[in-house]
Each structure stands twice: as structure tokens, then as C-alpha cells.
Amino acid sequence: MKNILIALLVLMVMPATGMLQAQTAPKYVKMAEEILKLVNDHRKGMGLSPMTMNAAISQGAIVHSTDMAAKKIPFGHDGFDKRMASIGKQLKNPMGWAENVAEGATDAQEVVTMWLNSPTHKKNMEGDYDLTGIGIAAAKDGSLYFTQIFFNATAR
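The sections below set out a description of the structure shown in this document. Please read all numbers here as calculations on a predicted model, not as lab measurements.

Conventions we followed
- Within every chain, residues take consecutive numbers counted from 1 along the sequence as written.
- With the structure being a predicted model, the display of local features is reserved for residues of pLDDT at least 70 and the display and counting of side-chain atom pairs for 80 or more, all residues being used for whole-chain, interface and lining totals.
- Only hydrogens and water are set aside when side-chain values are computed; all heavy atoms of the structure are taken into account.
- Numbered from the N terminus, helices here are DSSP runs of H or I no shorter than four residues, and strands are runs of E no shorter than two.
- Only protein chains enter the calculation, and the probe is 1.4 Å; a residue is then buried if its accessible area is under 20% of its type maximum, exposed if over 50%, and partly exposed in between.
- The criterion used for residue contact is that any of the two residues' heavy atoms lie within 4.5 Å.
- For accessible areas, the Shrake-Rupley method is used with a probe of radius 1.4 Å. Any residue's cover is judged against the shown protein chains and nothing else.
- Multiplying 1.5 Å by the helix residue count minus one yields the expected span of that helix.
- Contacts described as polar in this section are N or O atom pairs within 3.5 Å, which, within protein, must combine one atom able to donate a hydrogen with one able to accept it, while residues neighboring in sequence count only if both atoms come from side chains.

The next thing to look at is the overall build of the protein chain. Along the protein chain, the regular secondary structure elements total 7 helices and 4 strands. Helices and strands appear in the protein chain in the N-to-C order α-α-α-β-α-α-β-α-α-β-β. Counting over 156 residues, the protein chain shows a buried share of 48%. The long-range fraction of contacts in the protein chain, counting pairs at least 24 apart against all pairs at least 6 apart in sequence, stands at 70%. Summing over all exposed atoms, the protein chain offers an accessible surface of approximately 7900 Å²; the carbon and sulfur share of this is 58%.

Structure below.
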């Protein structure tokens, strides 16, 4: 919780579009926390360790969701390698990373269910990751865009 609040505070002081400012809305903070809880509950059921929200990763996820919602980039993983490299510079020796995106879900349960029903997205959720970040953005028509980024930053 502390890390996501830090990410949101950073975004509040950044020059921002109306879209990016929307990311600080309490409903998106709450929804991101709900997504993390649901993902960690699933991981626990699989015998996996929970992930911790990370401010740098959340910032990258928020920017990606915002860019998709604003139609600056198409829905998908455009810029993935650049995004992971940028975030990776802020983490100590990242060992691996992945990303899930979604559009059209209206709440935390729906987006997590969508990801669990997709073998690739489910694999990411169940991967060897200890840090995560979640970004949610609303397009002008109100549709939501979600990004969850996963990192393994634990030295083994």
C-alpha cells in the first residue's frame, strides 16, 4: 500500500494530462489494491509467495495504461522492452519480468478472472516474481485499461 501511494504522489507532481491525473483517483488506488489482493490470493492457493507493490513498477504500469487509454499507442505490449529496461534500472539486479494488459473489464475481479482464463496471462501471474505494479486508466468513453507488470528482483 505504501509503495502504490508513493507512486501516485509522484504522478501528482509530474506535469500530466487529464488522463494521467485521473490515475490518482481513490477508486483506481482501491481497484489496484483489490487486484493485488486477488492475484496474491490466487498465488497463495498455488503455494506461491505473494508479490509486493512497487512504486517504480506501478508508475510504469500507469503510464502504459494511460497511453493505451489515450490512444497514443495501440492496446497491447508496444514498448515492452523499453518499459522493462527503464524500470529495471531502478531495481537491483532484476532476474525476470512480464506484463499483463487488459481492456473492457469493469472491476478488479473481472480483470483478474480474464487473466486467469488466458494461459499466457495466468502463467505470468503464477511466475517467479516478487514485485509488481498495477496501472489503471479510463479512456474518454469510460472504458478501462489495465496493466500489471511483474518483476523478480530477488537475488538467488
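Still more to cover.
This part is about helix α4 (residues 55–69). For α4, built from 15 residues, the straight-helix expectation of 21 Å at 1.5 Å per residue is met to within 8% by its first-to-last C-alpha distance of 21 Å. Judged by how many residues are buried, α4 sits mostly within the fold: 12 of 15 residues are covered. The complete set of buried residues in α4 reads A55, A56, I57, S58, G60, A61, I62, H64, S65, T66, M68 and A69. The residue sitting at the N-terminus of α4 and contributing the capping side-chain oxygen is N54; that oxygen lies 3.0 Å from the backbone nitrogen of A56. Phi for K71, located one or two positions after α4, is positive at around 65 degrees.

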